[in-house]
Amino acid sequence: MEPDKYVGPHMVTSVPGPKSREYHEKERKLFFKAWYVDKDVPFIMRRKYTWFIEDVDGNRYIDMVTGWASTPMGAGYKPVLEKAVEALWESGGVECTDYVTDVHLFDLAEKLAEITPRQLTRVAPDTTGTEAVEAAMRLAREKTKRYFMLTFHGSFHGGNYGAAGAGPTSPDVTHGIKEYIHGFIHVPYPTCYRCPFRQTYPQCNLACLDYIEDVILRYETAPDTIAGVLYEPIQGENGVYIPPDGWVERLHEMGEKYGWVMIDDEVQTGFGRTGKMFAIEHWPQVVEKVDLMPLAKALSGGALPIAAVMGTDEVMTASDNLYLGGTFAWQPAACAGALAGIEAMERENVLDNVARLEKIAQDRMTPLMEKYEIVGDVRIKGVYLALEFVEDKETKTPAKELTRQIHRRLINKGVVGIHERGLWWIRWLPALNMPPQLFHKACDLLEETIDEVSREYGKGIA
Ligand SMILES: Cc1ncc(COP(=O)(O)O)c(C=O)c1O
């Protein structure tokens, strides 16, 4: 598809259209129940190109999901897909590369060692972010021979037992898991808009970090039982919470003091999403203190599933008895696609476009907070974007139904973002190379929708 042939959304039916309805009925018969009950996307995709998703009824949406941040250069980005397909033919398809190591792995490993913080010299191959996080925790425990992992309320580190047990985003993510998985200590993240200590930054002096020393280390466990700290440098699934100045630095100071392995989960923030290649670069003092860095999503370049843990020599060589990865980890074609993706980001100076989009987001989204009573908070870092909706600014009561209305109406206007049932924020994860005029168009439709919903529900203008 020629990118500039498409100037915006194009809607031919209300959503869901008749064909999507038919597929939804099938979906309810064919898939396990939890697959569809909480989904808030009322159409079935037919195809995807550049910055657009087209559904089976012919509606075209601006894609603010991008495979949950996995197609950083937009859909169907040729230089990446071509390299992946070439390697797919060359390698003959699937290979179990932890047994028969394929030549395509080396250039990617070298590239990752070059672009990640310089102490991260070695790689542990994986297929998904969940696996990479679990691998990182095992590496930390092998290195320290300690038991606990310190993780944060509201964080998401993946599905499955280990990663979901690590990140208690919400009780439904850990439902059926918590009972079986032990070894985590969960502490508050600096979710300043909803501070659990009812304090305000900077007067709080980062009470959430004091809590670790004053409560956890005093009453719950000794520092030398903790193997490491697993943290998101910016919390994604919880609605893009950006830690205030000093938090990441002090967390790392604590880690250094107690010998904790510091795991910076860049599965969602990695590869330009927040305006830097890796989000940790926003805090230059700690960049060289990271011990392990799980990567996935945008690492794929938008081609094929691939994940990795980058780590220091010290941690990555601590054990010679650790099975990580699996049959599908680091497929030759996925490696070729990933390398082409990184090269494309560099060649196209995509971070410059992220800065342009961030500026537009600040100019267009931040004022919505002033203008509308229901827009409680707007959080922006690069193109990591969230709007949180409330019944009113005073009580900050989550406006769950209004959020759903806004999300659904936006889809009907041709913008698909991220909203999950029961939550009261909408996130956008546009491609890093989205044309600014298209992003503006999406912002127009967003404001139009918030305006409509505010008026109809009598919430009015602030
Ligand atoms: C920060 C973070 N870590 C880990 C994961 C899990 O990645 P995956 O879905 O590839 O297993 C996610 C997924 O959203 C994530 O946001």
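Calculation criteria
- Residues numbered from 1 in each chain as written.
- Predicted model: local features only at pLDDT ≥ 70, side-chain atom pairs only at ≥ 80, totals over all residues.
- Heavy atoms only, no water.
- Helix = DSSP H or I, 4+ residues; strand = E, 2+ residues; numbered from the N terminus.
- Rg over C-alpha atoms; globule rule 2.2 N^0.38 Å.
- Buried < 20%, exposed > 50% of the residue type's maximum accessible area, 1.4 Å probe, protein only.
- Contact = heavy atoms within 4.5 Å.
- Areas by Shrake-Rupley, 256 points an atom, 1.4 Å probe, with all protein chains shown as cover.
- Lys, Arg positive; Asp, Glu negative; His and termini not counted.
- Charge placed at Lys NZ, Arg CZ, Asp CG, Glu CD.
- Pairing = 2+ DSSP bridges.
- Right-handed = clockwise from strand over helix to strand, strands pointing away.
- Phe/Tyr/Trp six-rings, centres within 6.5 Å; stacked < 30°, edge-to-face > 60°.
- Lys NZ or Arg CZ within 6 Å of the ring centre and 35° of its normal.
- Salt bridge = Lys/Arg side-chain N within 4 Å of Asp/Glu carboxyl O.
- pLDDT = per-residue confidence, 0-100.
- Domains from an automatic or database assignment.
- Buried area = accessible area lost by both parts, 1.4 Å probe.

Caption draft 1: Just the overall build of the protein, in detail. What the protein contains, in helices and strands, is 15 helices and 14 strands. A compact globule built from 462 residues would reach a C-alpha radius of gyration of about 23 Å, and the protein, at 22 Å, matches this within 12%. Along the three orthogonal principal directions, the C-alpha set of the protein runs to about 60 × 60 × 45 Å. By residue count, 56% of the 462 residues in the protein fall in the buried class. A fraction of 74% describes how many contacts in the protein between residues 6 or more apart in sequence connect residues 24 or more apart. As presented, the protein carries roughly 20,100 Å² of accessible surface, and 52% of it is formed by carbon and sulfur atoms. One finds the centroid of the 51 positive side-chain charges in the protein at a distance of 5 Å from the centroid of its 67 negative side-chain charges.

Caption draft 2: Highlighting the pairing of strand β8 (residues 261–264). Neither face of β8 is left uncovered, since the one carrying V261 and I263 and the one carrying M262 and D264 both have all their residues buried. Bridge count between strand β7 (residues 226–231) and β8: four bridges; the pairing is parallel. Residue pairing in the sheet places G228 in a bridge with V261 of β8. Note that the unit made of β7, helix α10 (residues 247–258) and β8 has a crossover that is right-handed.

Caption draft 3: Region of the structure containing the packing of aromatic side chains. Tallied over the full model, the rule gives 14 aromatic pairs. Note on Y258 and W260: the rings are 5.0 Å apart at their centroids and 35 degrees apart in plane angle, and the pair reads as tilted. According to the relative accessible area criterion, Y258 is buried, its value standing at 18%. Given a relative accessible area of 4%, W260 falls into the buried group. Seen from their ring centres, F271 and F278 are 5.2 Å apart, and the 70 degrees between their planes marks the pair as edge-to-face. Given the relative accessible area of 1%, F271 is considered buried. Ring-pair connections join several aromatic residues into one group, and the members of that group are F31, F32 and W35. A cation sits over an aromatic face here: R141 above F184, 5.7 Å from the ring centre. Directly above the aromatic system of Y241 lies the positively charged group of R379, at a separation of 3.8 Å from the ring centroid.

Caption draft 4: Fine view of the pattern of salt bridges. Going through the model one piece at a time under the given rule, you end up with 26 salt bridges. Across the pair K39 and E27 runs a salt bridge, and its minimum N-O distance is 3.1 Å. Separated by 12 residues along the polypeptide, K39 in the loop between α2 (33–37) and β1 (45–49) and E27 in helix α1 (residues 18–30) bring together distant segments of the chain. In this structure K39 comes out as partly exposed when scored by relative accessible area, which is 35%. Residue E27 is classed as buried on the basis of its relative accessible area, which comes to 12%. As a salt-bridge pair, K289 and E256 come within 3.4 Å of each other at their nearest N and O atoms. Taken together, the positions of K289 in the loop between β8 and β9 (292–295) and E256 in helix α10 put the pair 33 residues apart, joining distant regions of the chain. Using a relative accessible area of 32% as the deciding quantity, one classes K289 as partly exposed. Several salt bridges share partner residues, and in doing so they unite R409, K413, E448, E452 and E456 into one network.

Caption draft 5: Region of the structure containing the confidence of the model for the protein. Considering every residue of the protein, the mean pLDDT works out to 96; 98% of them sit at 70 or more. Mean pLDDT across the elements of the protein ranges from a minimum in helix α8 (residues 171–174), with 80, to a maximum in β9, with 99. Low pLDDT, under 50, characterises residues 1–5; the stretch is placed with six contacts to residues that sit more than four places away or in other chains.

Caption draft 6: Fine view of the domain arrangement of the protein. What the domain assignment lists for the protein is domain 1 (3–63 + 350–456) and domain 2 (78–347). With centres defined by C-alpha atoms, the gap from domain 1 to domain 2 works out at 27 Å. Of the residues lining the interface, 24 residues belong to domain 1; the matching set on domain 2 comes to 21 residues. Roughly 2,000 Å² of surface becomes buried between domain 1 and domain 2 when both sides are summed, with 55% attributable to carbon and sulfur atoms. The largest contributions to the domain 1 side of the interface with domain 2 come from R379, K381 and Y384, which together make up 34% of the buried area. Counting the contacts that link domain 1 with domain 2 gives two salt bridges.

Caption draft 7: View of the environment of M316. Following the sequence through the fold, M316 ends up in helix α11 (residues 313–316). We classify M316 as buried; its relative accessible area is 14%. Through-space distance from the C-alpha of M316 to that of V103 is 21 Å; in sequence the pair is 213 residues apart. When neighbours within four sequence positions are excluded, M316 is seen to be in contact with R122, V123, A124, L139, L292, V309, M310 and G311.

Caption draft 8: Here's a closer look at the environment of E394. Within the element layout of this structure, E394 appears in the loop between β12 (384–389) and α14 (400–413). A relative accessible area of 72% means that E394 is categorised as exposed. Sequence spacing of E394 and E373 is 21 residues, and the spatial spacing of their C-alpha atoms is 9.3 Å.

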